[in-house]
Amino acid sequence: MEIAIDINHPDPLFTQLIDQIKEAVQKGDLKPGEPLPSIRQLATDLEMNNKTVAKAYRLLERDSVIQTRGYRGTFVHPNAKANSTVDLNAWVTNKLSETIAEFREAGVTDSEIRNAFSNVISERTTQGAR
Amino acid sequence: MVASTDILFYIAFLGQIFLTSYYFPNKILNRMDFVLKSYPPEQYPLLYPRSEAYYKFGRAGFRIATRLIFGLGFVILFAVMFLVDHANFADDGFISEFWPALYGIIQFLPLMALEVTEFKQLKLMRQQNSVSKRKADLRRRGLFDMVSPLIFFAAIACIVGSIVIDYYVHEFPQGFGSDTSERALVLTMTNLLLAGLGAFLLYGKKLNPHQSSDDRNLIISSNLRSLCYCSIALSIFFVTQAVSDVIDMAFLDATLMSIYFILVVYISLGENLKRLPIEDMDFEVYKKAAL
């Protein structure tokens, strides 16, 4: 099963990778438990940075589409098909849109929302770093 | 009167001449013709980073070189049979392994030149590839996905066996000056080189930017098997060298060297030609429309 990444496409490379792996799972081209190429193999074949592939794998693992089994490598998650239909990006965008709409209704300006959002994010990042 | 061991050498050397400088080069030339006729540059432009005349010139050069070396083989055979004074040429008075070894190296020169040309061709293909799309296979390319564990571990066992037998028949010599330790070192280093080549095939960058994943996997698998067989052949060769120190086999040295070259060309080139039929390769990827 082949995937194709377009370096001139407006979507980031890791997003293209995630989308295509999820698509392959949904189509049944990748079956649960099937081994996936190593980060290095995929990065070399696609002439990408290892970190880009690692990021895509990390996000796919977070979404339970793939799972890493130590030295044995990375495999398709047993519930990958169900999990790959859940688009966390779309969910986050949806939730944020609802929240922002609520703030606007309450009279909060966009710049206040932006400031508050970045404060919360940076506070979380600082806490995470500790 | 001609000794029976000499006749054995003549037969082995004829086999070496015929296989490496006639039979396999002819197979390669036929493949070149097949590709040029079936997949012409007008329809498959991505396969030809250079002009058609360049490939025809290269083909003619390869043909002339192999035919000349084929003829040289008979000259060497004639010289060994009638001109060389073996009693003065070699200490033991038998036909020296120098002849098949020297000729074997000459025979491999056009094949090596072909490999170098292929690397240059692939480099040009990569340089000319302006496509922004990059393809990759989602199948894992592990060592044992490509080569049978049996063959791999047989190669490892042969290396260990060869070194152990060498030390055993020479009663475990100490220090690094002995032939045994030198052989063990050469065997280890050569196998490390083969392992490096294998690792490059498995984990190295894709040399042909247009090649389909199936073809690439097939070629990697075939080459890895050849590397394992080469390692086994090398170990066997070193064992025969070690044993010939103890059992007087000097009369067989030249014959064994010739057989060794036949074995190497068969398992490296012959097996690859057999396992990778050109008709099964995907040439559609070299069409402009494939981009």
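Everything below is about the structure shown above.
Residues numbered from 1 in each chain as written. Chains lettered and ligands numbered in written order. Predicted model: local features only at pLDDT ≥ 70, side-chain atom pairs only at ≥ 80, totals over all residues. Heavy atoms only, no water.

**Notes on the state of the cysteines**
Disulfide: a covalent bond formed between the sulfur atoms of two cysteine residues. Residues and elements named next belong to chain B. This structure, assessed with the given rule, holds zero disulfides over all chains. In this structure Cys-158 is a free cysteine whose sulfur lies 10 Å from that of Cys-228, the closest cysteine sulfur available. Taking relative accessible area as the criterion, Cys-158 reaches 25% and is therefore assigned partly exposed. With no disulfide partner, Cys-228 has as its closest neighbouring cysteine sulfur the one in Cys-230, 9.4 Å distant. Under the relative-accessibility criterion, Cys-228 is labelled buried at 9%. (Disulfide = S-S within 2.5 Å. Buried < 20%, exposed > 50% of the residue type's maximum accessible area, 1.4 Å probe, protein only.)

**Topic: the side chain of Thr-44 of chain A**
Along the polypeptide, Thr-44 of chain A turns up in helix α2 (residues 39–45). What makes Thr-44 of chain A buried here is its relative accessible area of 19%. Not counting residues within four places of it along the chain, the set of residues in contact with Thr-44 of chain A comprises Tyr-203, Gly-204 and Lys-205 of chain B. (Helix = DSSP H or I, 4+ residues; strand = E, 2+ residues; numbered from the N terminus. Contact = heavy atoms within 4.5 Å.)

**Comments concerning the interface of chain B and chain A**
How big an interface is tends to be expressed through the accessible area that disappears when the partners come together. At the junction of the two partners, chain B supplies 16 residues and chain A supplies 24 residues. At the boundary of chain B with chain A, total buried surface from both sides reaches about 2,000 Å², with 48% on carbon and sulfur atoms. Three residues stand out in chain B for area buried against chain A, namely Arg-134, Leu-138 and Arg-140 of chain B, and they jointly supply 45% of the buried area on that side. Between Arg-141 of chain B and Asp-45 of chain A there is a salt bridge, with its nearest N and O atoms 2.9 Å apart. Our count for the contact surface shared by chain B and chain A stands at 16 residue pairs in polar contact (both at pLDDT 80 or more). Breaking the side of chain B that touches chain A down by element, the ones donating at least two residues are β1 (133–137) and α8 (213–246) of chain B. Per element, the largest residue contribution to the side of chain B that touches chain A is five residues, and it comes from β1 of chain B. Broken down by class, the residue content of the side of chain B that touches chain A amounts to three nonpolar, four polar and nine charged. In terms of strand pairing, strand β1 (residues 2–6) of chain A meets β1 of chain B through five bridges, oriented antiparallel. (Buried area = accessible area lost by both parts, 1.4 Å probe. Salt bridge = Lys/Arg side-chain N within 4 Å of Asp/Glu carboxyl O. Polar contact = N/O pair within 3.5 Å; in protein donor to acceptor, adjacent residues only side chain to side chain. Nonpolar A, V, L, I, M, F, W, Y, C, P; charged D, E, K, R; others polar. Pairing = 2+ DSSP bridges.)

**Things to note about a nonpolar patch on the surface**
All names here are of chain A. On the surface, Trp-91, Val-92, Leu-96, Phe-117 and Ile-121 cluster together to form a nonpolar patch covering roughly 470 Å² of accessible area. Here the element with the most residues in the nonpolar patch is helix α5 (residues 88–105); it accounts for three residues. The topology assignment puts Trp-91 in helix α5. (Patch = residues over 30% accessible without salt bridge, like charges linked within 9 Å, V, L, I, M, F, W, Y side chains within 5 Å. Areas by Shrake-Rupley, 256 points an atom, 1.4 Å probe, with all protein chains shown as cover.)

**Looking at the side chain of Ser-213 of chain B**
Along the chain, the position of Ser-213 of chain B falls in helix α8. Those residues in contact with Ser-213 of chain B that lie beyond four places of it in its chain are Glu-2 of chain A together with Ala-136, Asp-137 and Arg-139 of chain B.

**Looking at the sheet that holds strand β2 (residues 35–36) of chain A**
Residue and element names in this part refer to chain A. Read from one edge to the other, the open sheet built from three strands follows the order β2-β4-β3, with strand pairing classed as antiparallel. Two strands lie at the open edges of the sheet, namely β2 and β3 (66–68), each paired on one side alone. As paired strands, β3 and strand β4 (residues 74–76) are joined by three bridges and run antiparallel to one another. Paired with Gln-67 across the two strands is Phe-75, which belongs to β4. Here helix α3 (residues 50–62) sits on the sheet in contact with β2, β3 and β4, set at roughly 105° to β3. (Axes fitted to C-alpha atoms, helices over the stretch in contact; angles between N-to-C directions.)

**Let's talk about unusual backbone geometry**
The phi angle at Ser-64 of chain A is positive, at roughly 60°, despite the residue not being glycine. For Phe-172 of chain B, which is not glycine, the phi dihedral falls at a positive 45°. Along the chain, Phe-172 of chain B turns up in the loop between α6 (149–169) and α7 (179–203). Residue classification places Phe-172 of chain B among the partly exposed positions, given a relative accessible area of 48%.

**Some words on the nonpolar core**
Ranked by internal contacts, the top residues of the largest apolar core, which has 35 residues, are Phe-24, Ile-28, Phe-108, Leu-111, Leu-224, Tyr-260 and Leu-269 of chain B. Secondary structure elements with two or more residues in this core: α1 (4–38), α4 (98–128), α6, α7, α8 and α9 (253–275) of chain B. Per element, the largest residue contribution to this core is ten residues, and it comes from α8 of chain B. Here Leu-269 of chain B is in contact with Phe-24, Ile-28, Leu-111 and Val-264 of chain B, once residues within four sequence places are set aside. Counting residues in each nonpolar core, the second largest holds 24 residues, with Ile-3, Leu-46, Val-76 and Ala-80 of chain A among its members. (Core = buried A, V, L, I, M, F, W, Y, C linked by side-chain atoms within 4.5 Å.)

**So, the packing of α6 of chain B against α7 of chain B**
Residues and elements named next belong to chain B. Contact geometry for α6 and α7: axes closest at 9 Å, N-to-C directions at 170°. In terms of their interaxial angle, α6 and α7 are classed as roughly antiparallel. Counting all contacts with α6, which are made through Ile-159, Ser-162, Ile-163, Asp-166 and Tyr-167, the residues of α7 involved are Thr-180, Ser-181, Arg-183, Ala-184, Leu-187, Thr-188 and Asn-191. (Parallel < 35°, antiparallel > 145°, perpendicular 65-115°, else oblique.)

**Here's the deal with the packing of aromatic side chains**
The tally for this structure, following the rule as stated, stands at 24 aromatic pairs over all chains. Aromatic pair Phe-9 of chain B and Phe-13 of chain B: ring centres 5.4 Å apart, planes at 25°, arrangement stacked. Placement of both Phe-9 of chain B and Phe-13 of chain B in helix α1 is noted, with a separation of four residues, approximately one turn of the helix. Judged by relative accessible area, which is 0%, Phe-13 of chain B ranks as buried. Aromatic ring contacts, followed pair by pair, group Phe-18, Tyr-22, Tyr-23, Phe-24, Phe-70 and Phe-74 of chain B into a single cluster. Here the basic side chain of Arg-140 of chain B rests over the ring of Phe-75 of chain A, its NZ or CZ set 4.8 Å away from the ring centre. (Phe/Tyr/Trp six-rings, centres within 6.5 Å; stacked < 30°, edge-to-face > 60°. Lys NZ or Arg CZ within 6 Å of the ring centre and 35° of its normal.)

Interpretation in functional terms is not warranted from these geometric data alone.
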